[in-house]
Amino acid sequence: MSTLKVATIQDTSGNNSSTPAGIASGTAKAWINLDGTGTISIRNQFNVSSITDVATGIYKITFTTAMPNVDYVVVTTSGENSSALSVLHDSGAGNYRAPTVNDFLVRHADDQGTQYDRRQVAVVVFGD
């Protein structure tokens, strides 16, 4: 079996070119849509093996395939409405401990710092 190697990828009209390295570095390495209320559950995911309810408003996300280093970026948003997500004042990763190559924490709190569970939690991870 031979492997096709290319330096540049273009769309069918010959425009919008990109390199394989550019595509690989700009692609999400993991993502999850979860319900963080009651018994937390995964609605859909990519490269997430499990979630843990650490405390009110804090979820541990564990990767299926570990990240190569801890310099990845986590983007998260959440909401109560089943049809819409909204950015919270304090919705972030690693608020209680540094991320590892295997997992990270996501925390949701209001402007006063009160943590609470959310029905809609969406998280995307980018990195090497």
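That block above? That's the structure.
Scope of this entry: the structure provided in the associated data block. This is a predicted model, so every value here is computed, not measured.

## Re unusual backbone geometry
Piece 1. At Asn16, a residue that is not glycine, the phi angle is positive and equals roughly 50°.
Piece 2. With respect to the helices and strands, Asn16 occurs in the segment before helix 1 (20-26).
Piece 3. A positive phi angle, close to 60°, is found at Asn47, a residue other than glycine.
Piece 4. You can see Asn47 is positioned in the loop between strand 2 (41-46) and strand 3 (48-55).

## Some thoughts on the packing of aromatic side chains
Piece 1. Inspection of every chain in the model, using the stated rule, returns three aromatic pairs.
Piece 2. On the numbers, 5.5 Å between centres and 85° between planes, the contact of Phe63 with Tyr72 is edge-to-face. The same class applies to Phe63 and to Tyr72, which are both buried.
Piece 3. Seen in terms of ring centroids, Phe63 and Phe104 are 5.6 Å apart; in terms of plane orientation they differ by 45°. Their pairing is tilted. With Phe63 in strand 4 (residues 58-63) and Phe104 in strand 7 (residues 103-109), this residue pair connects regions lying 41 residues apart in the sequence. Take Phe63 and Phe104: they sit in the same class, and that class is buried.
Piece 4. Taken together, the aromatic side chains of Phe63, Tyr72 and Phe104 make up a single cluster linked through ring pairs.

## Considerations on the nonpolar core
Piece 1. Core analysis: the largest hydrophobic core is formed by 16 residues, its most contacted members being Ile32, Ile51, Ile61, Phe63, Phe104 and Val125.
Piece 2. Elements that contribute at least two residues to this core include exactly strand 1 (30-35), strand 3, strand 4, strand 7 and strand 8 (120-126).
Piece 3. Setting aside its immediate chain neighbours within four residues, Ile61 contacts Ile32, Leu34, Val48, Ser50, Ile51, Asn102, Asp103, Phe104 and Val106.

## Describing the side chain of Lys29
Piece 1. Tracing the sequence through the fold places Lys29 in the loop between helix 1 and strand 1.
Piece 2. Buried charged residue Lys29 carries no salt bridge. Nearest counter-charge: Asp128, at 7.4 Å.
Piece 3. Discounting residues that sit within four places of it in the chain, Lys29 has contacts with Ala24, Phe46, Asn47, Met67, Val125, Gly127 and Asp128.

## A word on the pairing of strand 2
Piece 1. Bridging between strand 1 and strand 2 involves five bridges; their strand directions are antiparallel. Looking at strand 2, one finds that Trp31 is bridged to Phe46.
Piece 2. Where strand 1 folds back on strand 2, the antiparallel hairpin that results is connected by five residues, among which Gly38 adopts a positive phi of roughly 60°.

What counts as what
- Residues numbered from 1 in each chain as written.
- Predicted model: local features only at pLDDT ≥ 70, side-chain atom pairs only at ≥ 80, totals over all residues.
- Heavy atoms only, no water.
- Helix = DSSP H or I, 4+ residues; strand = E, 2+ residues; numbered from the N terminus.
- Phe/Tyr/Trp six-rings, centres within 6.5 Å; stacked < 30°, edge-to-face > 60°.
- Buried < 20%, exposed > 50% of the residue type's maximum accessible area, 1.4 Å probe, protein only.
- Core = buried A, V, L, I, M, F, W, Y, C linked by side-chain atoms within 4.5 Å.
- Contact = heavy atoms within 4.5 Å.
- Lys, Arg positive; Asp, Glu negative; His and termini not counted.
- Salt bridge = Lys/Arg side-chain N within 4 Å of Asp/Glu carboxyl O.
- Pairing = 2+ DSSP bridges.

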